[in-house]
Amino acid sequence: MRRHRLRWLPPLAVLPLLGACGVNNPTYFTPPMGPLETGQGDAGAESTSVVVLPFREPFDKERERLEESSNALGFREPWLRRDHVAISVQYTITNLDDQPGKAQVFIDGANEFTNYDRAALAAAAEAAAMNNDEVVVLPLFQTIPVEVQPGQSVRGDIREDDMAEAELDLDAIGRWMAEPAQVLINASEVNPIGLERVPPNNLVPAMFQISVTLVAQGHMRLDFLVRVRDSRERLLDLEHAGGAYAPRPMGYMPPAPMAP
Amino acid sequence: VRPLLRRTLTTLGFLLLMPAGEALAQITNEPVSPYPDPDKFARGIYGEAEVGTLLFVGDAGSSVGPGAVVGVRLGYDVFRWVALQVHVAGSTHTTTFRDMPQSGQILQFYQGSAELKLTMRFNRVAASAMGGAGLALISSNLLGTTGLTEPDVQNTLVYLGGLGADYHTMSRHFSFGLAATFAKYQRLRTTGAIAATAYVRYTF
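As a starting point, this report considers the structure included with it. (Residues numbered from 1 in each chain as written. Chains lettered and ligands numbered in written order. Predicted model: local features only at pLDDT ≥ 70, side-chain atom pairs only at ≥ 80, totals over all residues. Heavy atoms only, no water.)

### Here's the deal with the overall build of chain A
When helices and strands are tallied, chain A shows six helices and twelve strands. Looking at chain A residue by residue over its 260 residues, the buried ones come to 45%. A sequence separation of at least 24 residues applies to 80% of the contacts in chain A between residues at least 6 apart. Summing over all exposed atoms, chain A offers an accessible surface of approximately 14400 Å²; the carbon and sulfur share of this is 53%. (Helix = DSSP H or I, 4+ residues; strand = E, 2+ residues; numbered from the N terminus. Buried < 20%, exposed > 50% of the residue type's maximum accessible area, 1.4 Å probe, protein only. Contact = heavy atoms within 4.5 Å. Areas by Shrake-Rupley, 256 points an atom, 1.4 Å probe, with all protein chains shown as cover.)

Now the structure itself:
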């Protein structure tokens, strides 16, 4: 009888441990150079910080499997996949000025195939522009501009689904020749225009480099966190970040316009 | 004496003696005591399930909110008054950091400890004191981005002590109780945390 009752002991002990395992806990990354500030001295109206996520390199067997899988798919399977890595950004904009001003946050970045460097794209577009036309280079994602009163702070989240859309857009324009204006303006679930060349079995790469820009009127500060849920547990801790996976993605350049 | 009167007296005599015979049968056993004998309470291996609240005090008190805590203890009564137990518990918290993006995040604390428990029993009620040490895990590195821990710290030694009160049911196996525990986390820059829990205990 006593033995009969004791059989419940092991499952009872294991229950709380189950709660601690396999729940895909997030890891947070702060900007390496601290909060961003705009409008100070010659800082201008934009300030950018880049966060590189330290994922581990694939092991030899994993590389072989990626090669085999890429051959079967007909295109390269990414090591870091969007369905394995969920990214979001939490931010707070603080107005340090004595005047109210508008502010918004832009997100750009790179996956292992393509680097979307908006500053380089803008410089190239300005060099090619004729008649001093104003050049507008869209970010991969942008928040709605908000007015911030002097001394006040505004909190916001760029959610995982926002970042997932940005990752799809980056892959579409980088690997599948999508028209940036079409995919960056439209939400793919609402209007998939521009995604015609993306194969239905595409494996969307996750971003490993997140570029966060504060665009503001006046002197403002942006504190932000990049929050990453990595279901495959490939993120390294700070101590081992030196040996992180470091792909060299191609800088995105839009295709040259067709000659008339 | 007339025959009718004799028969009547004999019948009355039998009637008077009948209950006397049954009464004799009733007093052959001692009545069962309605109160349990504490010496017969089960002793040995036991399990406890607890639920309550965990509240941080000190620097983390304003930023790591109070949270629900659940846990289990498995122990062994070495003597009536001393027991050794292992304790695992988990709690979940929401953060509040003023004007910081770390606000509104959810994080969990998990801890496992080995404990010594001393108990003094007064019939069905017992008072206890416990102390122990173990390891606590933090579910994310969030606190490392705020200065409450060093960057990337997600585990820490924990020392804890507390008091409890236990009430035994009529069953020799079951009891209920309340416990209050103070925990000091070595690598967390705060005074500590207080857990107030209610538990049910089953002794095998």
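### Considerations on the sheet that holds strand β5 (residues 125-138) of chain B
Residues and elements named next belong to chain B. With antiparallel pairing, the eight strands of this closed barrel are ordered in space as β1-β2-β3-β4-β5-β6-β7-β8. On average, each strand axis in the sheet is tilted by 25 degrees relative to the strand beside it, whichever way the strands run. Alignment of strand β7 (residues 174-185) against strand β8 (residues 192-203), held across ten bridges, turns out to be antiparallel. Within the sheet, the bridge partner assigned to Phe176 lies in β8 and is Val200. (Pairing = 2+ DSSP bridges. Axes fitted to C-alpha atoms, helices over the stretch in contact; angles between N-to-C directions.)

### Remarks on the pairing of β8 of chain B
Residue and element names in this part refer to chain B. Alignment of strand β1 (residues 45-57) against β8, held across twelve bridges, turns out to be antiparallel. By the bridge assignment for β8, Gly47 is matched with Tyr202. Counting the residues in the hairpin turn of β7 and β8 gives six residues.

### Details of the side chain of Thr114 of chain A
Assignment of secondary structure puts Thr114 of chain A in strand β6 (residues 114-116). Leaving out residues up to four positions away in the same chain, Thr114 of chain A has contacts with Gly109, Leu170, Gly174, Arg175, Pro249, Met250 and Tyr252 of chain A.

### Some remarks on the pattern of salt bridges
Residue and element names in this part refer to chain B. Under the defined criterion, the tally for this structure stands at 18 salt bridges over all chains. Salt-bridge contacts for Lys117 lead to Glu48; the nearest nitrogen and oxygen are separated by 3.3 Å. Remark: Glu48 occurs in strand β1 and Lys117 occurs in strand β4 (residues 106-122); sequence separation between them is 69 residues. Arg73 serves as the salt-bridge partner of Glu115, at 3.2 Å between the closest nitrogen and oxygen. With Glu115 in strand β4 and Arg73 in strand β2 (residues 67-77), the pair connects residues that are 42 residues apart, well separated along the chain. The pair formed by Glu115 and Arg73 is uniform in burial state, with each residue classed as buried. The network of salt bridges with common partners includes Glu48, Glu50, Arg73, Asp77, Glu115, Lys117 and Arg201. (Salt bridge = Lys/Arg side-chain N within 4 Å of Asp/Glu carboxyl O.)

### Comments concerning unusual backbone geometry
At Met177 of chain A, a position not held by glycine, the phi torsion is positive, near 55 degrees. In this fold, Met177 of chain A is placed in the loop between α5 (160-175) and α6 (180-185). We note that Asp152 of chain B has phi near 70 degrees; this positive angle belongs to a residue other than glycine.

### Digging into a negative patch on the surface
Residue and element names in this part refer to chain A. There is a patch of like negative charges on the surface, built from Asp60, Glu64, Glu67 and Glu68. Position of Glu64 relative to the elements: it lies in helix α3 (residues 60-73). A relative accessible area of 49% means that Glu64 is categorised as partly exposed. (Patch = residues over 30% accessible without salt bridge, like charges linked within 9 Å, V, L, I, M, F, W, Y side chains within 5 Å. Lys, Arg positive; Asp, Glu negative; His and termini not counted. Charge placed at Lys NZ, Arg CZ, Asp CG, Glu CD.)

### Considerations on the environment of Ser139 of chain B
Mapping Ser139 of chain B onto the fold places it in the loop between β5 and β6 (155-168). Ser139 of chain B gets classed as buried once you look at its relative accessible area, which sits at 5%. A C-alpha to C-alpha distance of 32 Å links Ser139 of chain B and Asp166 of chain B, two positions 27 residues apart in sequence. Excluding anything up to four places from it in sequence, Ser139 of chain B contacts Asn25 and Pro26 of chain A together with Leu107, Gln108, Tyr110 and Gln154 of chain B. Within the structure, Ser139 of chain B has its side chain in polar contact with the backbone nitrogen of Gln108 of chain B (distance 2.9 Å). (Polar contact = N/O pair within 3.5 Å; in protein donor to acceptor, adjacent residues only side chain to side chain.)

### What about empty space enclosed by the protein?
All names here are of chain B. Enumeration according to the criterion identifies two cavities of 30 Å³ or more in this entry. The set of elements that each furnish at least two residues to the lining of the largest cavity consists of β1, β2, β3 (82-94), β4, β7 and β8. Within the lining of the largest cavity, the residues separate by chemical class into nine nonpolar, six polar and two charged. Around the second largest cavity, the lining is made up of 13 residues, and of these Arg73, Lys117, Ser128, Met130 and Ala179 lie nearest the centre. Mapped by element, the contributors of at least two residues to the lining of the second largest cavity are β5, β6 and β7. (1 Å grid on protein atoms, 1.4 Å probe; cavity = no way out; pocket = protein on both sides within 12 Å on 5 of 7 lines; lining within 4 Å. Points joined across faces, edges and corners; volume = space filled by probe spheres on them. Nonpolar A, V, L, I, M, F, W, Y, C, P; charged D, E, K, R; others polar.)

### Some thoughts on the nonpolar core
Ranked by size, the top nonpolar core spans 53 residues in total, and within it Leu53, Ile107 and Val226 of chain A carry the most contacts. Element by element, the count of residues in this core is highest for α5 of chain A, at six residues. Excluding its chain neighbours within four sequence positions, the residues that come into contact with Ile107 of chain A are Val89, Pro139, Leu140, Phe141, Ile158, Met163, Met207, Ile210, Ser211 and Val212 of chain A. The next biggest cluster of nonpolar side chains, apart from the first, holds 21 residues, and it includes Phe97, Ala136, Val158 and Ala193 of chain B. (Core = buried A, V, L, I, M, F, W, Y, C linked by side-chain atoms within 4.5 Å.)

### Topic: the packing of aromatic side chains
The full count for this structure, using the stated rule, is eight aromatic pairs over all chains. The interplanar angle of 35 degrees and the centroid separation of 6.0 Å between the aromatic rings of Phe56 of chain B and Tyr185 of chain B together place this pair among those described as tilted. With Phe56 of chain B in strand β1 and Tyr185 of chain B in strand β7, this pair connects stretches of sequence that are 129 residues apart. Per residue, the accessibility class of Phe56 of chain B equals that of Tyr185 of chain B, and both read buried. Consider the rings of Phe174 of chain B and Tyr202 of chain B, whose centres lie 4.8 Å apart with planes at 70 degrees: the pair is edge-to-face. Of the two residues, Phe174 of chain B is situated in strand β7 and Tyr202 of chain B in strand β8; the sequence distance between them amounts to 28 residues. By way of ring pairs, the aromatic residues Phe56, Phe109 and Tyr185 of chain B are connected into one cluster. Arg234 of chain A extends its terminal NZ or CZ atom over the ring of Trp79 of chain A, reaching a point 3.6 Å from the ring centre. (Phe/Tyr/Trp six-rings, centres within 6.5 Å; stacked < 30°, edge-to-face > 60°. Lys NZ or Arg CZ within 6 Å of the ring centre and 35° of its normal.)

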